[in-house]
Amino acid sequence: MYWTLELASYLSDAPWPATKDELIDYSIRTGAPLEVVENLQSMEEEGGEVYESIEEIWPDYPTEEDYLWNEDEY
């Protein structure tokens, strides 16, 4: 399983919180690349676990805190 920013962006508008099956269904319905569906299918799931955000699936997903600019300057 591998994630890139491009692949993870297909899940940014997913209906969070969601289960693994709901995310797979969402990915298929929205026309996400096959790699997204394969990544979701390869995740280990423990009895209907509910994911609250993309960060629970891909911990390295960049957040606004990762960017090094000062919004007050713009």
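Our subject is the structure listed above.
Below: a short report on this structure. The residue count restarts for each chain, going from 1 along the sequence in the order it is written. Two thresholds apply to this predicted model, a pLDDT of at least 70 for residue-level local features and 80 or more for giving and counting side-chain atom pairs, whereas whole-chain, interface and lining totals are computed over all residues. Computation of side-chain values: all heavy atoms of the structure, hydrogens and water removed.

Brief notes about the side chain of N39
Only DSSP runs of H or I with at least four residues qualify as helices, and only runs of E with at least two residues qualify as strands; both kinds are numbered from the N terminus onward. Tracing the backbone shows N39 in helix α3 (residues 34–41). Only protein chains enter the accessibility calculation, which uses a 1.4 Å probe. A residue is then buried if its area is under 20% of the maximum for its type, exposed if over 50%, and partly exposed in between. For N39, a relative accessible area of 4% puts it in the buried group. Leave out the neighbours within four places in its chain, and N39 touches M1, Y2, W3 and L7. In what follows, residue pairs with any heavy atoms lying within 4.5 Å of each other are defined as contacts.

Some points on helix α2 (residues 20–29)
For α2, the complete set of buried residues consists of K20, L23, I24, Y26 and S27. Down the axis of α2, the buried side of the element spans an arc of 165°, and every buried residue falls inside it. Residues of α2 that are exposed and point more than 90 degrees away from the buried face comprise D21, I28 and R29. In this fold, the buried residues of α2 make contact with β1 (18–19), α3, β2 (50–51) and α4 (54–57). What the arc describes is the spread of directions from the helix axis to the C-beta atoms.

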